[in-house]
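Read off the chains here:
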Amino acid sequence: MKGFAMLGIGKVGWIEKEAPACGPLDALVKPLAVSPCTSDIHTVWEGAIGDRHDMILGHEAVGEVVEVGALVKDFKPGDKVIVPAITPDWGSLEAQAGYSMHSGGMLAGWKFSNFKDGVFGELFHVNEADANLAHLPEGVDMAAAVMLSDMVPTGFHGVELADVQFGDDVCVIGIGPVGLMAVAGAALRGAANLYAVGSRPNCVALAKEYGATEVLNYRDGDIVEQILERTHGKGVDRVVIAGGNAEDTFVQAIRMLKPGGRIGSVNYLGSGDYVRIPRVEWGCGMGHKVIASGLMPGGRLRMEKLAALLATGRVDPGKMLTHRFQGFEHMEEALLLMKDKPKDLIKPVVLI
Ligand code: NDP
Ligand code: ZN
């Protein structure tokens, strides 16, 4: 089969591979709609998870089941499914402890385009199909549903990690597709003043549509100053980090956070060996400013619950799809868009 792959750090291209085999609990799926992710860019061009050779990329897909293993109960060939980016081993001790995304080791629930071939191939393998696939609800647009693989669950996880409560003042740093979904999630969770930080005009407009009460431009000056000005010097209750550089990712967040506040970070820190924490603003270590950061949880139950938010119209991630391609051959174009981030891009989707 054909797939669009990482050939090595900084190199991508089409390759031929043997089709994957289907285990008794597993499924083989052919992609119907896929999307490249900023994480693919960190992986290929920053070598963030180390070198990978001839690994098919991609972890965001809606597809059609082609084959299921003998022990699969709830899915059959022909079913249209949403495939979460994270597909844990549900019997692992880590999953039993509540951290399915780390099943088998740190980040090991993230298999596609990390430990095995991803979804940009003619076929891909899904482990534990009953636990890791979700049926695509009737009437939900397939392209919008691709955003359920990763953008919706990651943005919402930032909000969960920050533990946003009714009436909280919240700042979401970064309003690419992940940050936009964090804005939508924080609004659903009952944020009061909901500040968002970004600069691309269509992201700014969409952030307001998803519930931001104000969008601050980091190019206009220190965002900490901008937040303190608006909060009478007190800062915000919660910060969600979904963008910005790697090394200083926590600096501004800690400075703009109230004592007792929480940071929820879903940023993928692609470069550098250490991150920095500003000592004094962190209360010399005694400020009760919690940093919670993590990989999104995967699996079927969460996927079905998030899909219900689309089906009921509570969230419409389809509005983020600025570029639509028809045909597998456009994979490279779509991925390079994600790398170059032209001003009018929020998220591309490739329909196959
Ligand atoms: P984008 O690159 O599309 O968005 C980044 C955002 O950060 C943009 O709004 C950008 O502003 C803003 N930004 C850039 N520089 C600064 C700065 N100095 N200060 C403040 N804001 C800044 O990324 P995505 O939304 O696609 O992804 C966000 C992150 O989430 C990535 O690191 C990605 O890898 C990660 N991720 C993590 C996952 C997880 O499970 N934890 C899963 C999926 C993704 P501008 O408007 O100017 O472009
Ligand atoms: Zn992703």
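Our structure's up above, just so we're on the same page.
These lines cover the structure that appears in this document, whether it is placed above or below.

About the cut-offs
Residues numbered from 1 in each chain as written. Chains lettered and ligands numbered in written order. Predicted model: local features only at pLDDT ≥ 70, side-chain atom pairs only at ≥ 80, totals over all residues. Heavy atoms only, no water. 1 Å grid on protein atoms, 1.4 Å probe; cavity = no way out; pocket = protein on both sides within 12 Å on 5 of 7 lines; lining within 4 Å. Points joined across faces, edges and corners; volume = space filled by probe spheres on them. Helix = DSSP H or I, 4+ residues; strand = E, 2+ residues; numbered from the N terminus. Nonpolar A, V, L, I, M, F, W, Y, C, P; charged D, E, K, R; others polar. Domains from an automatic or database assignment. Phe/Tyr/Trp six-rings, centres within 6.5 Å; stacked < 30°, edge-to-face > 60°. Buried < 20%, exposed > 50% of the residue type's maximum accessible area, 1.4 Å probe, protein only. Axes fitted to C-alpha atoms, helices over the stretch in contact; angles between N-to-C directions. Parallel < 35°, antiparallel > 145°, perpendicular 65-115°, else oblique. Contact = heavy atoms within 4.5 Å. Salt bridge = Lys/Arg side-chain N within 4 Å of Asp/Glu carboxyl O. Near = heavy atom within 4 Å. Polar contact = N/O pair within 3.5 Å; in protein donor to acceptor, adjacent residues only side chain to side chain. Areas by Shrake-Rupley, 256 points an atom, 1.4 Å probe, with all protein chains shown as cover.

1. As for the layout of surface pockets
Where empty space is left can be seen by rolling a probe of water-molecule size over the atoms.
Next up, step 1: Size it by volume and the second largest pocket reaches roughly 160 Å³.
Next up, step 2: For the second largest pocket, the full set of lining residues is F156, V159, E160, G185, L188, R189, R302, L306 and L309.
Next up, step 3: When residues of the lining of the second largest pocket are traced back to their parent elements, those giving at least two are α5 (151-162), α6 (177-188) and α10 (300-311).
Next up, step 4: Here the residues of the lining of the second largest pocket are counted per class, giving five nonpolar, one polar and three charged.
Next up, step 5: Structurally, the lining of the second largest pocket is a two-domain feature, drawing no fewer than three residues from each of domain 1 (2-150 + 296-351) and domain 2 (156-293).

2. Some details on the packing of aromatic side chains
Next up, step 1: Per the counting criterion, the structure on display carries four aromatic pairs.
Next up, step 2: Between F4 and W14, the ring centres sit 5.3 Å apart and the planes meet at 70°, which makes this aromatic pair edge-to-face. Of this pair, F4 sits in strand β1 (residues 2-8) while W14 sits in strand β2 (residues 11-16); the two residues are ten residues apart in sequence, bridging distant segments of the chain.
Next up, step 3: Residue F4 is classed as buried on the basis of its relative accessible area, which comes to 0%.
Next up, step 4: The class for W14 is partly exposed, based on a relative accessible area of 33%.
Next up, step 5: Grouped by ring-pair contacts, the aromatic residues F4, W14 and F328 constitute a single cluster.

3. A closer look at the packing of α5 against α10
Next up, step 1: The N-to-C vectors of α5 and α10 enclose an angle of 100°; their axes lie 11 Å apart at closest approach. Classified by the interaxial angle, the pair formed by α5 and α10 is roughly perpendicular. Counting all contacts with α5, which are made through V152, P153, F156, H157 and E160, the residues of α10 involved are R302, M303, L306 and L309.
Next up, step 2: Broken down by class, the residue content of the contact of α5 with α10 amounts to six nonpolar, one polar and two charged.

4. Points about the pattern of salt bridges
Next up, step 1: What the rule picks out here adds up to 16 salt bridges.
Next up, step 2: For the salt bridge of D74 with R300, the shortest nitrogen-to-oxygen distance reads 3.0 Å. Note that D74 is positioned in the loop between β5 (61-68) and β6 (80-83) and R300 in helix α10, a separation of 226 residues in sequence.
Next up, step 3: Ionic pairing is found between E229 and R230, a salt bridge with its closest N-O pair at 3.9 Å.
Next up, step 4: Among the charged side chains, a network of salt bridges with common partners joins D74, R300 and E304.

5. A few points about the site of ligand 1
Next up, step 1: In the vicinity of ligand 1, 28 residues are found, and the nearest of them are T38, I175, S199, Y218 and K341.
Next up, step 2: Between an oxygen atom of ligand 1 and a side-chain N or O atom of H42, the distance comes to 3.2 Å.
Next up, step 3: At 2.8 Å from an oxygen atom of ligand 1 is found a main-chain nitrogen or oxygen belonging to I175.
Next up, step 4: Burial of ligand 1 by the protein amounts to 86% of the accessible area it has alone, namely 940 Å².
Next up, step 5: Sorting the residues of the shell around ligand 1 by element identifies α1 (38-45) and α6 as the ones contributing at least two each.
Next up, step 6: For the shell around ligand 1, the element with the most residues is α1, which contributes three residues.

6. What to know about the environment of F325
Next up, step 1: Take F325: it is sitting in strand β15 (residues 321-326).
Next up, step 2: A sequence separation of 27 residues divides F325 from I352, and the C-alpha atoms of the two residues are 8.5 Å apart.
Next up, step 3: The residues contacting F325, other than those within four sequence positions of it, are H330, E333, A334, L337, P348, V349, V350 and L351.

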